[in-house]
Amino acid sequence: MVKQHLNNHTTLSAKSGLEALEALNKMKVTFDVVLMDCQMPEMDGFEATKRIRNGEAGERYLNVPIIALTANAMKGDKERCVNAGMDDYLSKPFDAIDLIDKVEHWASIERNSEESAVH
C-alpha cells in the first residue's frame with residue numbers, strides 16, 4: 001500500500017531493521033523520510049531507529065524524520081515510538097491521505113532545514 005500512494009517519491013522497502021540499516025548505508029540517494037515498521041524480524045523498528053539516531057546509518061541520517069508504522073494502537077505505544085527516536089506515528093490500518101500528509105509534512109521540514117543550513 002505504501003509504495004502505490006507515494007509514487008511522487010523514491011521508495012525502498014526493507015524486510016527487517018537490519019536490512020534497512022544496510023540499505024541506508026549503501027544507497028547513494030538520500031531519503032527525506034524513513035517509514036519504520038515497528039514489528040520486523042531480525043531487528044525491530046525500535047532498535048533500528050535507535051541505531052539510526054546513533055549514527056549507524058551514516059551521518060546524513062542522524063536527524064532524518066522517522067515515522068513509525070505500527071499495528072499497535074494501545075496507550076503508551078506512541079510514547080514508546082518517540083522514546084526510540086521516531087518523530088511521528090501512524091497506526092495501522094491507515095488511509096492513503098494520512099500517509100501522504102505525514103510524508104509531505106516531514107519531507108518539507110527536512111528540505112527546509114537543509115536549505116536553512118546552506119544559507
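What you see is a predicted model, and the numbers here were worked out from it, not measured in a lab. (Residues numbered from 1 in each chain as written. Predicted model: local features only at pLDDT ≥ 70, side-chain atom pairs only at ≥ 80, totals over all residues. Heavy atoms only, no water.)

## As for helix H2 (residues 17-26)
Spacing of three or four residues puts side chains on the same side of an α-helix, whose turn is 3.6 residues.
Here comes step 1: Where H2 is concerned, the buried positions are Gly 17, Ala 20, Leu 21, Ala 23 and Leu 24. Projected down its long axis, H2 carries its buried residues within an arc of 165 degrees, all on one side. (Buried < 20%, exposed > 50% of the residue type's maximum accessible area, 1.4 Å probe, protein only. Helix = DSSP H or I, 4+ residues; strand = E, 2+ residues; numbered from the N terminus. Arc of directions from axis to C-beta.)

## Concerning the packing of H2 against helix H3 (residues 45-53)
Here comes step 1: Between H2 and H3, whose axes approach to 8 Å, the crossing angle comes to 25 degrees. As far as their axial angle goes, H3 and H2 are roughly parallel. The two elements H2 and H3 meet at a crossing, and its hand is right-handed. Between H2 and H3, the contacting residues are Gly 17, Leu 21 and Leu 24 on the first element and Ala 48, Arg 51 and Ile 52 on the second. (Axes fitted to C-alpha atoms, helices over the stretch in contact; angles between N-to-C directions. Parallel < 35°, antiparallel > 145°, perpendicular 65-115°, else oblique. Left-handed = near helix turned anticlockwise from the far one by under 90°. Contact = heavy atoms within 4.5 Å.)

## A word on the pairing of strand E1 (residues 34-37)
Here comes step 1: Here E1 shows a clear split, with Val 34 and Met 36 buried on one side and none of Leu 35 and Asp 37 buried on the other.
Here comes step 2: One ladder, built from four bridges, connects E1 with strand E2 (residues 66-70); its direction is parallel. Note on E2: the bridge partner recorded for Val 34 is Ile 66.
Here comes step 3: With H3 bridging E1 and the parallel E2, this β-α-β connection has right-handed handedness. (Pairing = 2+ DSSP bridges. Right-handed = clockwise from strand over helix to strand, strands pointing away.)

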